[in-house]
Amino acid sequence: MSAYTLPELAYDLAALEPHYSAEVLELHHDKHHAAYVAGANAALEKLDQARTSDDYGSINQLQKNLAFHLSGHVLHSMFWENLSPDGGGVPEGELAAAVDDGFGSLDHFRNQLTQAALNVQGSGWGALTWEPLGQRLIIEQIYDHQSNVGQGAPPLLVLDMWEHAYYLQYRNVKADWVDAFWKIVNWPDVAARFSRARTLELL
Ligand code: MN
């Protein structure tokens, strides 16, 4: 079984400046994201050992570690693709229509996701997700990397609100980080995820 690996960024470290500094991006990708990849692989390896030795004394911790690190890996991999040096602007086409339909308007959507992100207690994410059962877009507030989410709804756009994501550049002014995020959102990437997610039949 292949191990998880750290994906390369599709742009240079300085490409998102001034909105996202090369220094923060390098640390965030090369150190923080890399740690989640290593953590997910370590959890899988220890679960492998537990099965082999039939020793499940640490099962709860191992399952918790797997959920945390694997979700961290998934969210960060998506986050890099959700951003682009050519980002910003507004969504188009069917995604734009679904945003209007789900939230009333682009501004209402943006305000809700901004508030969900800014008000995360502790570490977490704001996310736009496709909820396949109700066939609707919803906003979720993700605690850590894996908590407080409905099952089966794939994220389309994720916003990292962990302090490591912004503190070096934006200090305690989280709102400035969120403003910057909106200027580098890769809407075509979000639209492509939306179109793939809509083919999902949950039940
Ligand atoms: Mn992060």
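Note that residues are indexed from 1 along each chain, following the sequence as it is written. Local features in a predicted model are, by the rule used here, given only for residues with pLDDT of at least 70; side-chain atom pairs are given and counted only at 80 or more, and totals for whole chains, interfaces and linings are based on all residues. As a convention, hydrogens and water are excluded, and side-chain values are obtained from all of the structure's heavy atoms.

Draft legend 1. Examining the packing of helix α2 (residues 59–82) against helix α7 (residues 187–197) more closely. With axes taken as lines fitted to C-alpha atoms, and helix axes fitted only over the stretch in contact, angles between N-to-C directions fall between 0 and 180 degrees. In this description a helix means any DSSP run of H or I spanning at least four residues, a strand means any run of E spanning at least two, and both kinds are numbered starting from the N terminus. Close contact between α2 and α7 brings their axes to 8 Å; oriented N to C, the two are set at 130 degrees. When the axes of α2 and α7 are compared, the pair comes out oblique. Mapping the contact onto sequence places Met78, Glu81 and Asn82 in α2 and Asp189, Val190 and Arg193 in α7. Following the grouping adopted for this structure description, the nonpolar residues are Ala, Val, Leu, Ile, Met, Phe, Trp, Tyr, Cys and Pro, the charged ones are Asp, Glu, Lys and Arg, and the polar ones are all others, Gly among them. Of the residues assigned to the contact of α2 with α7, the class counts are two nonpolar, one polar and three charged. An angle below 35 degrees is read as roughly parallel, one above 145 as roughly antiparallel, one from 65 to 115 as roughly perpendicular, and any other as oblique. Only heavy atoms matter for contacts: two residues are in contact if any of them lie within 4.5 Å across the pair.

Draft legend 2. Just the pairing of strand β3 (residues 155–160), in detail. For β3, the tally of buried residues reaches five of six residues, placing the bulk of the element in the interior. Note on pairing: two strands pair once DSSP finds at least 2 bridges between them. Relative to β3, strand β1 (residues 124–131) runs antiparallel, the two being bridged by five bridges. Bridged to Leu128 within β3 is Leu157. Only protein chains enter the area calculation, which uses a 1.4 Å probe; residues under 20% of their type maximum are buried, those over 50% are exposed, and those in between are partly exposed.

Draft legend 3. Looking closely at the coordination of the manganese ion. Coordination sphere of the manganese ion, protein contribution only: His28 (NE2), His76 (NE2), Asp160 (OD) and His164 (NE2), at 2.0 to 2.1 Å. Between consecutive donors of the manganese ion, the numbers of intervening residues give the motif H-x47-H-x83-D-x3-H. With His76 in helix α2 and His164 in helix α5 (residues 163–170), this pair connects stretches of sequence that are 88 residues apart. Here His76 and His164 have matching classes, each one buried. Nitrogen, oxygen and sulfur within 2.8 Å of a metal are treated as its donors, or within 3.2 Å for sodium, potassium and calcium (Na, K, Ca); water is not counted, so a site can appear incomplete.

Draft legend 4. Spotlight on the sheet that holds β1. Sheet architecture is open: three strands sit in the order β2-β1-β3, paired in antiparallel fashion. The two strands at the open ends of the sheet, each matched to only one other strand, are β2 (136–143) and β3. Sheet twist, expressed as the mean angle between neighbouring strand axes with direction ignored, is 15 degrees. Here β1 runs beside β2; their pairing, made up of eight bridges, is antiparallel.

Draft legend 5. Quick look at the nonpolar core. Residues enter a nonpolar core if they are buried and are Ala, Val, Leu, Ile, Met, Phe, Trp, Tyr or Cys, with the set joined through side-chain atoms within 4.5 Å. With 50 residues, the main nonpolar core has Phe109, Leu137, Leu157, Trp177, Phe181 and Trp182 as its most contacted residues. Per-element accounting of this core gives the leading share, six residues, to helix α4 (residues 106–118). Either an automatic procedure or a domain database provided the assignment from which the domain bounds are taken. Looking at which domains feed residues into this core, each of domain 1 (22–81) and domain 2 (93–197) supplies at least three. Setting aside its immediate chain neighbours within four residues, Phe181 contacts Phe79, Leu83, Leu157, Val158 and Leu159.

Draft legend 6. Fine view of the pattern of salt bridges. Salt bridges are counted wherever a side-chain nitrogen of Lys or Arg sits within 4 Å of a carboxyl oxygen of Asp or Glu. In the structure shown here, the tally under the stated rule is five salt bridges. A salt bridge links Arg198 to Glu94, with the shortest nitrogen-to-oxygen separation between them at 2.6 Å. One end of the pair, Arg198, is in the segment after α7; the other, Glu94, is in helix α3 (residues 93–103), with 104 residues separating them in the sequence. Among the residues examined, Arg198 registers a relative accessible area of 37% and is labelled partly exposed. Judged by relative accessible area, which is 56%, Glu94 ranks as exposed. In this structure, the salt-bridge partner of Asp107 is Arg110, at a minimum N-O distance of 3.1 Å. Pair noted here: Asp107 and Arg110 are both in helix α4, with a separation of three residues, about one helical turn. With relative accessibility at 47%, the residue Asp107 sits in the partly exposed group. One salt-bridge network, in which partners are shared between bridges, spans Glu81, Asp189 and Arg193.

Draft legend 7. Region of the structure containing the pairing of β1. Among the eight residues of β1, eight are classified as buried, and the element is accordingly described as predominantly covered. Here β1 shows two buried faces, one formed by Gly124, Gly126, Leu128 and Trp130 and the other by Trp125, Ala127, Thr129 and Glu131. Here β1 folds back onto β2, and the loop between the two strands holds four residues, one of which, Gln135, carries a positive phi near 55 degrees.

Draft legend 8. The arrangement of unusual backbone geometry in detail. A cis amide bond links Glu17 to the next residue, Pro18, at an omega of 5 degrees. Positionally, Pro18 belongs in the segment before α1 (22–53). We note that Asp54 has phi near 50 degrees; this positive angle belongs to a residue other than glycine. Within the secondary structure, Asp54 is located in the loop between α1 and α2. Classification of Asp54 as exposed rests on a relative accessible area of 61%. With a phi angle near 55 degrees, Gln135 is a residue other than glycine that sits in the positive phi range. Tracing the chain through its elements places Gln135 in the loop between β1 and β2. For Gln135, a relative accessible area of 46% corresponds to the partly exposed category.

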